Amino acid sequence: MGIFNRGGNDTTRPVAPAAVSPELAALTGDYTIDPAHSTLGFTARHAMVTNVKGKFLEFSGTLRLDGADPARSTASLDVVMDSIDTGSADRDGHLKSADFFATDKFPAMTFRSTGAEALGGDDYRITGDLTILGTTRPLTIDLEFNGAAKDPFGNERVGFEGKAEILRSQWGLTWNAALETGGVLVSDKIKLTFDISAIRNA
């Protein structure tokens, strides 16, 4: 549905805003991300032949949803870098070291939204600032709205599924090792995935 409805070529008639879905407008409010039912994941190419997946186990965040005007929606996320989990203690230790995230000096990764856009249907796009290793660069996340429901405990929940891609070198994550057969051990491109469940604040 377009932002404006126009009739004919009569430029003297007032322009009316498109109708807002009552169901969507009812979702307007502040929400807190539920880490127990959310996942922040990533995938990196390893040795040019396979994918290694990981996730962060500790994080917190908030959403401000504006169902009447999605462009006014905001998101904030703080991730504890020491909580990284790839299923290998040795690999996790290396990722926490100065070669990668230097978690002793940079304990958190943060995202602060700067804009939001409705793409049509259940699809949205959010842009913002991602900070890693003290470096802040823009990030665009494509989101799909999975719906809203009240759980058995009376919590009003909303769900989103998202994805994004970054080049880790742009945030100073440049460690690598050359392979004898050509190529490098760890890809520069990292795929990010988000499965978010958030609870409406009382």
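Anything mentioned here points back to the structure above.
Residues numbered from 1 in each chain as written. Predicted model: local features only at pLDDT ≥ 70, side-chain atom pairs only at ≥ 80, totals over all residues. Heavy atoms only, no water.

**Observations concerning the overall build of the protein chain**
Check the secondary structure of the protein chain and you find 2 helices and 13 strands. Considering the protein chain as a whole, with its 202 residues, one finds that 36% of them fall into the buried category. Counting only contacts in the protein chain whose residues sit at least 6 apart along the sequence, the fraction spanning at least 24 positions is 53%. With an accessible surface of roughly 12,000 Å², the protein chain has 53% of that area assigned to carbon and sulfur atoms. (Helix = DSSP H or I, 4+ residues; strand = E, 2+ residues; numbered from the N terminus. Buried < 20%, exposed > 50% of the residue type's maximum accessible area, 1.4 Å probe, protein only. Contact = heavy atoms within 4.5 Å. Areas by Shrake-Rupley, 256 points an atom, 1.4 Å probe, with all protein chains shown as cover.)

**So, the environment of Phe 56**
Among the secondary structure elements, Phe 56 is positioned in strand β5 (residues 50-56). Distance from Phe 56 to Gly 41, taken between C-alpha atoms, is 6.6 Å for residues 15 residues apart in sequence. Excluding residues that lie within four positions of it along the chain, Phe 56 makes contacts with Leu 40, Phe 42, Val 79, Val 80, Met 81, Ser 83, Ile 84 and Met 109.

**Regarding the pairing of strand β13 (residues 186-200)**
As defined by bridge partners, strand β3 (residues 29-33) adjoins β13 across 3 bridges and the pair is classed as antiparallel. Across the sheet, Thr 32 pairs through a bridge with Ile 199, a residue of β13. Relative to β13, strand β4 (residues 39-46) runs antiparallel, the two sharing 7 bridges. Within β13, the position partnered with Leu 40 by the bridge is Phe 194. In terms of strand pairing, strand β12 (residues 156-167) meets β13 through 11 bridges, oriented antiparallel. (Pairing = 2+ DSSP bridges.)

**Comments concerning the pattern of salt bridges**
All told, the structure shown has 8 salt bridges when counted by the stated rule. A salt bridge links Asp 34 to Arg 157; the shortest N-O distance between them is 2.9 Å. Within this pair, whereas Asp 34 is found in the loop between β3 and β4, its partner Arg 157 is found in strand β12, the two being separated by 123 residues in sequence. We classify Arg 157 as buried; its relative accessible area is 18%. Between Lys 189 and Glu 165 there is a salt bridge; the shortest N-O distance is 3.8 Å. One end of the pair, Lys 189, is in strand β13; the other, Glu 165, is in strand β12, with 24 residues separating them in the sequence. Taking the relative accessible area as the measure of exposure, Lys 189 reaches 43% and is therefore partly exposed. Look at the salt bridges and you will find they share partners, linking Asp 34, Asp 151 and Arg 157 into a network. (Salt bridge = Lys/Arg side-chain N within 4 Å of Asp/Glu carboxyl O.)

**What about the packing of aromatic side chains?**
The full count for this structure, using the stated rule, is 3 aromatic pairs. Taken together, a centroid distance of 5.3 Å and an interplanar angle of 55° make the contact between Phe 100 and Trp 175 tilted. Of the two residues, Phe 100 sits in the loop between α2 (89-96) and β9 (108-120) while Trp 175 sits in the loop between β12 and β13, which places them 75 residues apart along the sequence. Judged by its relative accessible area of 8%, Phe 100 is buried. In this arrangement the basic side chain of Arg 137 is found over the ring face of Trp 171, its NZ or CZ atom lying 6.0 Å from the centre. (Phe/Tyr/Trp six-rings, centres within 6.5 Å; stacked < 30°, edge-to-face > 60°. Lys NZ or Arg CZ within 6 Å of the ring centre and 35° of its normal.)

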